[in-house]
Amino acid sequence: MAGGAVSGGSVASDTYKQVRHWLLMPSWLVLGLFVFAPVCVMVIYSFLTKEFRGGVIWEPTLAAYDQFFFDRGLFGDSDPVLQWTYIEIFWRSIWQAGLATFLSLVIGFPTAYFIATRPEKTRALWVFLVTIPYWVNLLIRTVSMKFLLRDEGPMNDALLSIGLIGEPLQIVNTNLAVQLGLFYSYLPFMVLPIYASVERYNFAMSEAAADLYATKWTTLRRIVLPAVKPGVIAGCVLVFVPSLGAFLAPDLLGGAKNFMIGSLIEDQFKGNAGNWPFGAAASMILLSMVLVVLILFARQQRRAEAAT
Amino acid sequence: MNDTAEIAVDVRGAIKRYGDFTALQRISLGIRDNEFFTLLGPSGCGKTTLLRMIAGFEDVTEGGIYLFGDEIKTLPPHKRPVNTVFQNYALFPHMTVLENVGFGVEMKGGSREDAAKRAGEMLELVQLSQFAKRKPAQLSGGQQQRVALARALAPSPKVLLLDEPLSALDLKLRKAMQVELKHIQRETGITFIFVTHDQEEALTMSDRIAVMSAGELQQLGAPREIYEHPRNMFVADFIGDTNLLEVSVDKIEGGRVQCHIGGGHQLICDAIEGVNIGAKVHLSVRPERLVLSDQESDGNSLRGTVTENIYIGRDISTMLDLEDGPKITVRTSNTVRGSKRLIQPGSPAFVNMEAGAARLLVD
């Protein structure tokens, strides 16, 4: 975040307080303009009436939220029935994001542990290698993934040529392809925070555990994991949250049947749907869900800290 | 000493190499049961490597390690019935003191209740019962030290390994812990292998000391033996303060050697093996075994000039230039009797040696 804030000194003279106030101004400005204001706009838009093909009419209504949860028939005059279309999209997004988080953890933790236990000189190189794909735009990488996975792509060609399969595997336009895309996109967000916490871990504690008759597995479970938990939680949040709102991977790899929230929202603003209030409402619902997840994590963290 | 005592840890020709570097050069030593045994040496001498080899954290390149007769060098650390007190304690920060101490018992297959009960006993032993529910971070350094000790003792190890456990404590606390450790060792009857670079600590606490340097065992013996009969230059120099004088051997007769130092000062001391007439060897004499006087005695007596008196509390250290010879230091106790013997800088004086004070060293 912008602004070099001076944090709490013990000598809080009036001048110091004033200076601190002014030094914090840029940060407050940036936060207000680019975080708080857009969220406000979104909240307001979600309660307005839609204008055909984008834009809003300044008439307050709950229509957007109503559309999300209820079906009122083709002409909007039937009795409201709870409809599952959008809830299903949300549900699919949650488990896709959850699975991507789980897979990233399973692959990312050993990777991070491996890097953190290399000699100090080579660690920076390993970290650099993990981040290399990120020098290429995500869109291009996702398109490349599609080319790799498609029926006539190199993966199917290779599997066919060694005779492992007789027919090309249909991966593109499935949930599996979306999952691979999400997992691939956000894996480093899991590796880096875990690496940072494993690097700070005092390995003498592992030796102490082994000395006290703990097996390697028990040492990992009872000593290492509790010590690096903050890094693991940070990694999970950093993978889960963007996966939940992702639209590139579901759009390009999933096709029309495997919509996720991100694509749904994108479609309301950029695509054919052109329903801004509905997009804003869906975003609000997504944001609330993310907040709930974050608050749960934060509370759990605080409880763990209080116990320390 | 009691040679009949059982050998707890037997290190046989152990060698440790890291690539081209040899950290331990064929060490052999037997550590007796119920013994307070110290590995003493400067940093980098291999003492910690040897301790870690016994614990199982380092592979043995060559040779063997036996625990009560059983070869243990292929066992992983968690299968060796020895426990370690680590230099920086390595307490588990997310567990309470009680959970830390009970961890080993639980891992050995004890129930949580057994672990808690045993941990409680151990905390009583180290007088920390009232801190059982705290986290390690809420304790002082000295208290953490005692938790680490209790944790290592709780699973009743056959041998307890201590890797410079007192080095992080301040002097006063260190002295108190030395006494406590020694006391706990006697009470539990467990063999302690203690690593330190502090020779005073080693002399205070140990039944026997192994002095190490550059990956080699220099001398093995009781504190008194090491201090009063150092086997070589390194041991004489490393343990306590000493005057190391270069001497030429003039005569060997009836177990006595007559020799002289620069300036022609004559000295007589006990002969040792491997010293021949005409050889240039070193002689070690402790400053406190020298007596300052304004009169020459009939034994070994060297004439010189006092250059400085240094007050060091308990003692007073006097530096002298021997006539046409090397410098020498004499230590006089800071008592009424001792102070009377002091001679002002610039005045001539004699340095008289007690019989048997000077020792020849081969290398």
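Residues numbered from 1 in each chain as written. Chains lettered and ligands numbered in written order. Predicted model: local features only at pLDDT ≥ 70, side-chain atom pairs only at ≥ 80, totals over all residues.

Describing the interface of chain B and chain A
And then number 1: Listed per partner, the contact involves 17 residues of chain B and 16 residues of chain A.
And then number 2: When residues of the side of chain B that touches chain A are traced back to their parent elements, those giving at least two are strand 6 (82-85) and helix 2 (97-107) of chain B.
And then number 3: Take the side of chain B that touches chain A: its biggest share by element is 3 residues, from helix 2 of chain B.
And then number 4: When the residues that make up the side of chain B that touches chain A are grouped by side-chain class, the tally is 9 nonpolar, 6 polar and 2 charged. (Contact = placed C-beta atoms within 7 Å. Helix = DSSP H or I, 4+ residues; strand = E, 2+ residues; numbered from the N terminus. Nonpolar A, V, L, I, M, F, W, Y, C, P; charged D, E, K, R; others polar.)

Details of the nonpolar core
Soluble, globular proteins show a tendency: their nonpolar side chains are buried together.
And then number 1: Ranked by internal contacts, the top residues of the largest apolar core, which has 101 residues, are B:Ile54, B:Val101, B:Ala150, B:Val159, B:Leu161, B:Ile193 and B:Val211.
And then number 2: When near neighbours in sequence (up to four residues on either side) are disregarded, B:Val211 contacts B:Leu40, B:Gly41, B:Gln218, B:Gln219, B:Ile226, B:Val235, B:Phe238 and B:Ile239.
And then number 3: Among the nonpolar cores identified, the runner-up in size contains 46 residues, and A:Ile115, A:Leu180, A:Phe183 and A:Ala246 belong to it. (Core = buried A, V, L, I, M, F, W, Y, C linked by C-beta atoms within 7 Å. Buried ≥ 20, exposed ≤ 12 C-beta atoms within 10 Å, placed from the backbone.)

Thoughts on the confidence of the model for chain A
Residue and element names in this part refer to chain A.
And then number 1: Mean pLDDT over chain A: 87, with 95% of residues reaching 70 or higher.
And then number 2: Across chain A, the element-wise mean pLDDT spans from 83 in strand 4 (residues 81-82) up to 94 in helix 8 (residues 204-211).
And then number 3: Low pLDDT (under 50) marks residues 1-9, which in the prediction has 15 contacts with non-local residues, meaning those over four places away or in another chain. (pLDDT = per-residue confidence, 0-100.)

Describing the pairing of strand 17 (residues 315-322) of chain B
Consecutive side chains of a regular strand alternate in pointing toward one face of the sheet and then the other.
Residues and elements named next belong to chain B.
And then number 1: Here strand 16 (residues 301-311) runs beside strand 17; their pairing, made up of 7 bridges, is antiparallel. Residue Val306 lies in a different strand from strand 17, and its bridge partner there is Leu320.
And then number 2: Between the end of strand 16 and the start of strand 17, which pair antiparallel, lie 3 residues, with Gly313 showing a positive phi angle near 85°.
And then number 3: Bridge analysis of strand 17 against strand 18 (residues 327-333) gives 7 bridges, and the strand direction is antiparallel. Considered in strand 18, the bridge of Leu320 is made with Ile328.
And then number 4: Linking strand 17 to strand 18, which pair antiparallel, is a turn of 4 residues; within it Asp324 sits at a positive phi near 55°. (Pairing = 2+ DSSP bridges.)

Here's the deal with the sheet that holds strand 13 (residues 265-270) of chain B
All names here are of chain B.
And then number 1: Spatially, 13-12-11-14-20 is the arrangement adopted by the 5 strands of the open sheet, whose pairing is antiparallel. Among the strands making up the open sheet, the edge pair consists of strand 13 and strand 20 (359-361). Taken pair by pair, the neighbouring strands of this sheet meet at an average axis angle of 45°, ignoring direction.
And then number 2: As judged from the 6 bridges shared by strand 11 (residues 243-253) and strand 12 (residues 256-261), these two strands associate in the antiparallel manner. If you follow Val247 over to strand 12, its bridge partner there is Ile261. (Axes fitted to C-alpha atoms, helices over the stretch in contact; angles between N-to-C directions.)

Concerning unusual backbone geometry
All names here are of chain B.
And then number 1: Even without being glycine, Asn34 reaches a positive phi, approximately 65°.
And then number 2: Relative to the helices and strands, Asn34 is located in the loop between strand 2 (21-32) and strand 3 (36-40).
And then number 3: Positive phi values are uncommon outside glycine, yet Tyr89 reaches one of about 70°.
And then number 4: With respect to the helices and strands, the residue Tyr89 is situated in the loop between strand 6 and helix 2.
And then number 5: According to the C-beta neighbour criterion, Tyr89 is buried, with 23 such atoms within 10 Å.

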